[in-house]
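# Descriptive structure summary
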Amino acid sequence: MAEHFDILIIGGGPAGLTAALYARRAGKSVLVLEKAAVGGQIASSPRVENFPGILSVSGAELADRLYEQADRVGARIELEEVLEVRDGSPKTVVTDYGTYTCDALILATGMKHRSLGLPGEDTLSGISYCAVCDGAFYAGKDVAVAGGGNTAVQDALFLSELCRHVTVIHRRDTFRADPVLVDALKRRENVTLALSATVEALLGQESLTGLRLRDTATGETRDLAVSGLFEAVGQQPEGALAQALVPVDGTGFIVAGEDCTTSAAGIFAAGDCRVKSVRQLTTACADGACAALAACRWCEALAAKT
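Now for a description of the structure that goes with this document. (Residues numbered from 1 in each chain as written. Predicted model: local features only at pLDDT ≥ 70, side-chain atom pairs only at ≥ 80, totals over all residues. Heavy atoms only, no water.)

With that settled, consider the layout of surface pockets. Taken as a whole, the second largest pocket holds about 260 Å³ of empty space. Forming the boundary of the second largest pocket are 14 residues, of which Leu 116, Gly 147, His 170, Arg 171 and Val 233 lie nearest the centre. When contributions to the lining of the second largest pocket are tallied by element, the ones reaching two or more residues are strand S10 (165–170) and strand S12 (197–203). Here the residues of the lining of the second largest pocket sort into seven nonpolar, four polar and three charged. (1 Å grid on protein atoms, 1.4 Å probe; cavity = no way out; pocket = protein on both sides within 12 Å on 5 of 7 lines; lining within 4 Å. Points joined across faces, edges and corners; volume = space filled by probe spheres on them. Helix = DSSP H or I, 4+ residues; strand = E, 2+ residues; numbered from the N terminus. Nonpolar A, V, L, I, M, F, W, Y, C, P; charged D, E, K, R; others polar.)

Here it is, written out as structure tokens:
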């Protein structure tokens, strides 16, 4: 017989772990399922300085704290990939390890890295989406970072302390990143900014040896010799599960209100996976709290009917 929980949360990032904390404090049985690493993408951030009450902390340490807090109040957290969700009362969740049922389901599936869509991107060695994870492999070498947001600039700052030279490639002539980060980047002597440029091709047979860049203003191309490319060109929602359960918008984000309630009975959405204007660590945690409390109310309404 499948093990039953009041609330099952898919996704162990800040939204999912906050939801687990609030649901357990409300006395509900809680299961969190995470297919990769607990903490989500924040775990790979070299430094977090915009979380209220904490001056500075590594993403990995913050992820550990979120996990420990949810675990300490009794939330069960498992590293399992969800393969299927069958709606109903109760709802059934099938993973690569087993099957569970629940009264309320919270989707906190987050986002995944967007790729450049170039030939060889999935086969060449030397392509990375995580500077903190892979930067040490390129110590003393020349690398490039593609992107113009906070992640790209933070990656470039981190890599500039390890690599001989870092080229930051951005398709626009100005960065979208916070000015304080851009100013810090411009002060690094071993960093070159390739603005109004795109990566047109990856060079190399088995390992990356360089990039072909195109100037977006003139159309001219040039080759840049690098050993590694760190891609930070945005993210897209992990929407495969959601599309079969709840309405999503044209880009795959779950349609849910500020109370994190979807139009599907007993299904809630929290964090970066839902339609919203601001996607930050703080708003993910806020969503987790809202979704958990809404799910608790749902469970209590179900219990009142029986």
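Having seen the structure, we can now continue with the description.
As a further point, take the sheet that holds strand S14 (residues 221–225). Strand order in this open sheet of three strands is S12-S13-S14, and the pairing throughout is antiparallel. If you trace the sheet from one side to the other, it starts and ends with S12 and S14, each paired once. When the angles between neighbouring strand axes are averaged without regard to direction, this sheet yields 30°. In this sheet, strand S13 (residues 210–215) lies alongside S12 in antiparallel orientation, the contact comprising six bridges. Paired with Thr 198 across the bridge in S13 is Arg 214. (Pairing = 2+ DSSP bridges. Axes fitted to C-alpha atoms, helices over the stretch in contact; angles between N-to-C directions.)

Here the focus is the state of the cysteines. Counted by the stated rule, this structure contains zero disulfides. Cys 260 carries a free sulfur, and the closest cysteine sulfur to it, the one in Cys 290, is 5.1 Å from it. Using a relative accessible area of 34% as the deciding quantity, one classes Cys 290 as partly exposed. (Disulfide = S-S within 2.5 Å. Buried < 20%, exposed > 50% of the residue type's maximum accessible area, 1.4 Å probe, protein only.)

Right, let's talk about the pairing of strand S9 (residues 142–146) for a bit. Regular strands place side chains that alternate from one sheet face to the opposite one. By the criterion of burial, S9 is predominantly enclosed, with four of the five residues buried. For S9 and S10, the ladder comprises five bridges, and the chain directions are parallel. Note on S10: the bridge partner recorded for Val 145 is Val 168. Looking at chain direction, S9 and strand S15 (residues 228–231) are connected through four bridges and run parallel. Bridge pairing in S15 links Ala 146 to Glu 231.

Now for the sheet that holds strand S11 (residues 191–195). One open sheet holds the five strands; their spatial order is S8-S15-S9-S10-S11, and the pairing between them is parallel. Each having just a single partner strand, strand S8 (127–128) and S11 make up the two edges of the open sheet. Inspection of the sheet shows S10 paired to S11 by five bridges, in the parallel sense. Within the sheet, the bridge partner assigned to Ile 169 lies in S11 and is Ala 194. Strand contacts of helix H4 (residues 150–160): S9, S10, S11 and S15, with the helix running at about 170° to S9, the strand carrying the most contacts. (Contact = heavy atoms within 4.5 Å.)

So, about the packing of H4 against helix H5 (residues 179–186). Two elements in contact, H4 and H5, have axes whose closest approach is 10 Å; the angle formed by their N-to-C orientations is 30°. It follows that H4 is roughly parallel to H5 by the angle criterion. The handedness of the crossing between H4 and H5 is left-handed. Across from Asn 150, Val 153, Gln 154, Ala 156 and Leu 157 in H4, the residues of H5 making contact are Leu 181, Val 182, Ala 184 and Leu 185. The residue makeup of the contact of H4 with H5, split by class, is seven nonpolar, two polar and no charged. (Parallel < 35°, antiparallel > 145°, perpendicular 65-115°, else oblique. Left-handed = near helix turned anticlockwise from the far one by under 90°.)

Before going further, it helps to examine the environment of Asp 249. For Asp 249, the location among the structural elements is in the loop between helix H6 (240–243) and strand S17 (267–269). It is 9.2 Å that separates the C-alpha atoms of Asp 249 and Arg 274, two residues lying 25 residues apart in sequence. A distance of 3.0 Å separates the side chain of Asp 249 from the backbone nitrogen of Thr 251, its partner in a polar contact. (Polar contact = N/O pair within 3.5 Å; in protein donor to acceptor, adjacent residues only side chain to side chain.)

The tally for this structure, following the rule as stated, stands at 14 salt bridges. Between Arg 65 and Glu 61 there is a salt bridge, with its nearest N and O atoms 2.7 Å apart. Placement of both Arg 65 and Glu 61 in helix H2 (residues 59–72) is noted, with a separation of four residues, approximately one turn of the helix. The residue Arg 188 makes a salt bridge to Glu 161 at a minimum N-O spacing of 3.8 Å. Placement of the pair is Arg 188 in the loop between H5 and S11 and Glu 161 in the loop between H4 and S10, with a sequence separation of 27 residues. (Salt bridge = Lys/Arg side-chain N within 4 Å of Asp/Glu carboxyl O.)

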